[in-house]
Amino acid sequence: MNDSNKLLLANTRALISGLTGMGGHGYFVWDYESNKMIAGGDRLAELFGYKEEAVEKRPGGWRSLVHPDDAAIITKMKRRLSQAGPTTIVSERVRILRGDGRWDIVHISQRVLERSRKGKLISTVGLSQVITNYVGPYEEVVKREALYRQMVDEAGDGIFLFDARGAIYYANRFMERLLGFRKDELRGQTLWQIFDLRLSSKAKLDLRKLKNAQMPRFACRARRLGGGEVEMDLRLRRLDKERFLGIARDMTREMQLAEASKQQAAYYRGLFLNNSSGVAVFDEQMRITASNRALASLLKYSESELQGSRLIDFVANESLDTARETFTAMERSPRFNATHRHGVKLVLQSKDKKHIHTQLALTAIGDDGAVFRQGIAILTDITVEQRYRRERDDEAQFNKALLANAPAAIIVSDPSGRIIDVNPAVEKITGYTRKQLVGKLGWESGLLDEEQAHGTRDRLAALLKGAQQVSSTLRVFTKRGGIRLFETQSTAARRPNGDIACIIITGMDVTEQKRLETEVIKVAEQEQMRIGNDLHDGVGQVLTGIMSLTEALESTLEGTAQREAARIRELVRDAIQQVRQLSHGLSPSAVKHRGLAASLRLLAEGVSSSKLHCECRIDWEPQFTNVEAETHLFRVAQEAVSNAIRHGKPTKIAISLRRENGQSALMEIEDNGVGIKAGKIASSEGIGVRVMRYRIGLIGGQFDISRREEGGTRIRCRFSCAL
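Chains are numbered independently. Their residues run from 1 in the order of the written sequence. In keeping with the model being predicted, local features are shown solely for residues with a pLDDT of at least 70 and side-chain atom pairs are shown and tallied solely at 80 or more, while totals for entire chains, interfaces and linings include all residues. Heavy atoms throughout the structure, all of them, feed into the side-chain values; hydrogens and water do not.

A. Structural view of the sheet that holds strand E5 (residues 121-130). In this scheme, strands are said to pair when DSSP sees at least two bridges between them. Numbering of helices and strands runs from the N terminus, with a helix taken as a DSSP run of H or I at least four residues long and a strand as a DSSP run of E at least two residues long. Strand order in the open sheet formed by five strands is E2-E1-E5-E4-E3, and the pairing between neighbours is antiparallel. Only two strands of the sheet have a single neighbouring strand rather than two, namely strand E2 (36-39) and strand E3 (89-97). Adjacent strand axes in the sheet meet at a mean angle of 35 degrees, parallel and antiparallel pairs treated alike. Relative to strand E4 (residues 103-115), E3 is paired through nine bridges, and the arrangement is antiparallel. Bridge assignment links Ile89 to a residue of E4, and that residue is Arg111. Of the strands in this sheet, E3, E4 and E5 are in contact with helix H4 (residues 71-83), which crosses E3 at around 160 degrees. Working convention: axes come from line fits to C-alpha atoms, limited for helices to the stretch in contact. Angles between N-to-C directions cover 0 to 180 degrees. Contacts were defined at the residue level, with two residues in contact if any of their heavy atoms lie within 4.5 Å.

And the structure:
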């Protein structure tokens with residue numbers, strides 16, 4: 001501490017010593033480096049009923065006398081002093097523990113006495129003043145005033161005070177927010193500058209005539225800062241000679257509600273008068289007190305004729321019991337509106353004795369005691385609707401009978417393929433009950449195998465894209481493990497907006513028909529084989545004999561005769577070759593003995609020539625247990641190659657056979673000929689294509705013919721590996 005600071009501290013102590021003894025307060029010097037009282041401690045200790053030595057021996061010293069809840073105030077005070085200037089006085093109010101256990105409220109003021117060279121706070125001089133006896137009554141007044149001010153500021157109305165000149169000198173927060181002014185902007189403005197009192201029909205407001213007991217009301221508009229006006233309900237009152245009270249209520253919302261109520265009343269009035277349904281208001285005697293034009297038109301009575309009539313008078317005999325029961329319930333049940341929301345159907349009788357089917361909706365209106373006083377009846381003509389409903393019910397019954405008794409199997413699914421209904425024929429043929437099938441996807445129902453599930457999903461996708469109908473031949477598995485063949489037609493039933501309502505799959509069991517057709521084909525194959533064998537063993541042998549005789553004759557001749565004999569020999573040789581090829585084509589024995597793969601290779605070799613190259617790619621050697629299926633596939637390939645040569649004029653034909661996955665295989669015949677014109681595939685199917693499609697259908701496969709992008713035709717036959 002330098003000499004000047006020591007001198008200042010000495011003088012301060014002397015001053016404090018001289019001031020000691022003045023009642024109710026004490027001066028002190030506090031050292032913040034040591035947290036000790038360095039002057040005035042004896043007076044302060046005496047002020048609170050202690051000896052200075054006793055205070056300094058307490059744990060925490062002087063700070064232990066501060067109320068725990070006020071410790072933060074002392075910390076805050078030190079922070080403020082650290083930042084204060086040399087003449088700044090920092091004051092706070094804290095509670096100090098007296099020696100007798102009571103708490104004194106002490107007002108402490110401090111000023112910086114000494115700082116270090118770096119500006120750090122070292123010591124302060126302060127004054128502690130006990131204000132316990134003054135704080136109670138004063139704070140009570142302050143609290144009460146603050147409470148009243150808070151009540152006024154938080155009021156839901158604008159409250160303001162003004163003088164005899166009409167100049168505003170106080171306004172609450174709501175008034176400021178309502179008009180968009182700040183306090184200083186609103187203060188000084190007159191009543192007539194803020195409010196447009198000309199809306200009142202009364203004479204101009206004269207504040208001099210306003211009495212204490214009066215509080216007149218004015219409907220007016222108030223000007224908002226920045227433009228705009230607010231609808232106001234203004235009340236004024238004199239408080240004393242120079243002061244006046246104003247209460248302003250924002251009526252904007254009320255005005256909007258009143259306007260909305262007026263519009264709503266107009267709406268309901270228009271709804272009542274212009275409603276297309278008949279509307280009647282009736283009293284507790286069920287007599288009509290008001291009706292609209294639609295009711296008069298419905299019953300063929302004038303509105304004056306309906307006035308005073310009872311509703312029951314217009315009910316036809318067949319509906320009298322229902323009407324009486326409903327009207328009685330309305331009169332007696334306080335919960336009628338809650339329990340009769342959907343109304344009842346009544347048949348009315350018009351003035352010209354015609355019966356009118358109506359839907360009656362009743363609303364009971366009661367007083368506070370829930371006693372029926374009046375009601376509203378809305379009568380909607382449903383005569384046409386009833387007729388349509390009967391027709392619809394008849395149609396539904398017809399369709400139900402058709403579905404139940406149709407010999408064809410019918411399955412109805414939703415657009416996702418989930419079964420929603422089946423007819424008895426499905427149950428009879430498959431052995432599955434309706435309950436076992438409904439709710440399942442068609443390909444997960446057990447009726448189809450995985451190979452056919454793929455095709456079923458493709459057909460569903462085609463329907464969803466807009467196809468009207470798709471056809472297919474399916475192998476359907478029965479519950480006992482049997483297989484039935486079905487010719488199916490899948491059709492999308494659409495709603496008026498074009499959305500699909502459901503999918504209807506109709507199937508005819510053609511198992512027996514296919515079996516008979518297979519037998520016919522088998523007989524035809526056997527007949528072809530016999531003809532082929534006869535050609536080979538009969539005609540072929542005869543021709544071979546002729547060729548031998550011709551060769552012998554040729555050796556005996558000379559000149560022109562020998563050349564003629566040689567020509568005959570070559571023709572007979574060509575005939576023998578053609579008969580051999582014809583017999584091989586007619587007889588399927590090559591397929592039976594060689595298998596499908598070898599037969600396809602032989603077919604490719606047989607048609608290859610200098611002008612036509614036929615390639616055969618075999619990636620899978622099938623082992624069929626069904627020889628007839630093998631024959632069908634070979635015949636299809638044979639016909640496809642023959643058609644390509646005859647109609648396509650190709651230079652290259654490719655035959656391929658491969659396995660697609662664990663369950664299906666694909667035979668494909670492609671050529672690079674002229675192909676089929678785009679869009680003409682369906683119309684260009686001749687008997688050959690139809691026979692091919694039919695043969696593939698017999699083995700439960702899929703046949704497809706299409707035009708290749710690079711030119712030519714492609715025929716695909718997809719079939720099960722398990723044939």
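Structure's up, so let's keep going.
B. Seen up close, the packing of helix H21 (residues 596-607) against helix H22 (residues 627-648). One can describe the packing of H21 onto H22 by two numbers: an axis separation of 10 Å at closest approach and a directional angle of 20 degrees. Between H21 and H22, the angle falls in the class roughly parallel. As H21 runs across H22, the sense of the crossing is right-handed. Counted together, Leu596, Ser599, Leu600, Leu603 and Val607 of H21 and Glu630, Leu633, Phe634, Ala637, Gln638, Val641 and Ile645 of H22 form the full contact between these two elements. In what follows, roughly perpendicular refers to angles from 65 to 115 degrees, roughly parallel to angles under 35, roughly antiparallel to angles over 145, and oblique to any angle outside these ranges. The handedness criterion is simple: a crossing whose near helix is rotated anticlockwise from the far helix by less than a right angle is left-handed, and one whose near helix is rotated clockwise is right-handed.

C. Main features of helix H12 (residues 320-332). Between its first and last C-alpha, H12 extends 18 Å over 13 residues, near the 18 Å set by a 1.5 Å rise per residue. The buried label applies to any residue whose accessible area, calculated with a 1.4 Å probe on protein chains only, is under 20% of its type's maximum; exposed applies above 50%, and partly exposed to all values in between. Taken together, the buried positions of H12 are occupied by Leu320, Ala323, Thr326, Phe327 and Met330. The arc that holds every buried residue of H12, seen down its axis, measures 135 degrees, which confines them to one face. Exposed residues on H12 whose side chains face more than 90 degrees from its buried face are Asp321, Glu325 and Arg332. Here the expected length of a helix is defined as 1.5 Å per residue gap, with one fewer gap than residues. By definition, the arc is the one covered by directions from the helix axis to the C-beta atoms.

D. Expanded view of the sheet that holds strand E11 (residues 243-250). Strand order in this open sheet of six strands is E7-E6-E11-E10-E9-E8, and the pairing throughout is antiparallel. Each edge of the open sheet is held by one strand with a lone partner, namely strand E7 (168-171) and strand E8 (195-196). Of the strand pairs in this sheet, strand E6 (residues 158-163) and E11 are connected by six bridges, and their pairing is antiparallel. Within E11, the position partnered with Phe160 by the bridge is Gly246.

E. Up close: the packing of aromatic side chains. Only Phe, Tyr and Trp rings are paired, with Trp represented by its six-membered ring, and only when their centres lie within 6.5 Å; those with planes under 30 degrees apart are stacked, over 60 edge-to-face, the remainder tilted. This structure, assessed with the given rule, holds eight aromatic pairs. Look at Trp620 and Phe624: their rings are 6.5 Å apart centre to centre, the planes differ by 75 degrees, and that puts the pair in the edge-to-face class. Ring centres of Phe624 and Phe719 lie 6.1 Å apart, and the angle between their planes is 45 degrees; this geometry places the pair in the tilted category. With Phe624 in the loop between strand E22 (613-618) and H22 and Phe719 in strand E26 (residues 713-720), this residue pair connects regions lying 95 residues apart in the sequence. The burial state of Phe624 is the same as that of Phe719; both residues are buried.

F. Region of interest: the environment of Ala329. By the secondary structure assignment, Ala329 is in helix H12. The exposure class assigned to Ala329 is partly exposed, which follows from its relative accessible area of 21%. Non-local contacts of Ala329, meaning those with residues more than four positions away in its chain, are made with Phe336 and His340.

G. A look at the packing of H22 against helix H23 (residues 687-698). Following both chains from N to C, one finds H22 and H23 inclined at 160 degrees, their axes separated by 9 Å at the closest point. Comparing the axis directions of H22 and H23 gives the class roughly antiparallel. Taken as a pair, H22 and H23 cross one another with a handedness that is left-handed. On H23, the residues that touch His632, Leu633, Arg635, Val636, Glu639, Ala640 and Asn643 of H22 are Gly688, Val689, Met692, Arg695, Ile696 and Leu698. Throughout, the ten residues Ala, Val, Leu, Ile, Met, Phe, Trp, Tyr, Cys and Pro are labelled nonpolar, Asp, Glu, Lys and Arg are labelled charged, and all others, Gly among them, are labelled polar. Residues belonging to the contact of H22 with H23 are distributed by class as follows: seven nonpolar, three polar and three charged.

H. The arrangement of a negative patch on the surface in detail. Each patch is built from salt-bridge-free residues with over 30% relative accessible area, joining like charges within 9 Å and nonpolar side chains (Val, Leu, Ile, Met, Phe, Trp, Tyr) within 5 Å. With residues, only the protein chains shown are counted as cover, and all accessible areas are computed by Shrake-Rupley using a 1.4 Å probe. Any carboxyl oxygen of Asp or Glu within 4 Å of a side-chain nitrogen of Lys or Arg constitutes a salt bridge here. Only four residue types enter the tally: Lys and Arg on the positive side, Asp and Glu on the negative side, with His and both chain ends excluded. The atoms used to mark charge sites are NZ of Lys, CZ of Arg, CG of Asp and CD of Glu. There is a patch of like negative charges on the surface, built from Asp42, Glu46, Glu53 and Glu56. For the negative patch, the secondary-structure elements that each account for two or more residues are helix H2 (41-47) and helix H3 (52-57). As for its placement among the helices and strands, Glu53 is situated in helix H3.

I. Just the nonpolar core, in detail. Here, nonpolar core means buried Ala, Val, Leu, Ile, Met, Phe, Trp, Tyr and Cys residues that are tied together by side-chain atoms lying within 4.5 Å of each other. One finds Leu600, Met667, Phe703 and Phe719 to be the most contacted residues of the largest nonpolar core, which totals 36 residues. Secondary-structure elements contributing two or more residues to this core are H21, E22, H22, strand E23 (652-659), strand E24 (664-671), H23, strand E25 (702-707) and E26. Here the element with the most residues in this core is H22; it accounts for eight residues. With sequence-adjacent residues up to four places away left out, Phe703 is seen in contact with Val636, Val689, Met692, Arg693, Ile696, Ile715, Arg716 and Cys717. Grouped together as the second largest cluster of nonpolar side chains are 28 residues, Ala296, Leu346, Ala364 and Phe372 included.

By themselves, these figures tell us nothing about what the structure is for.
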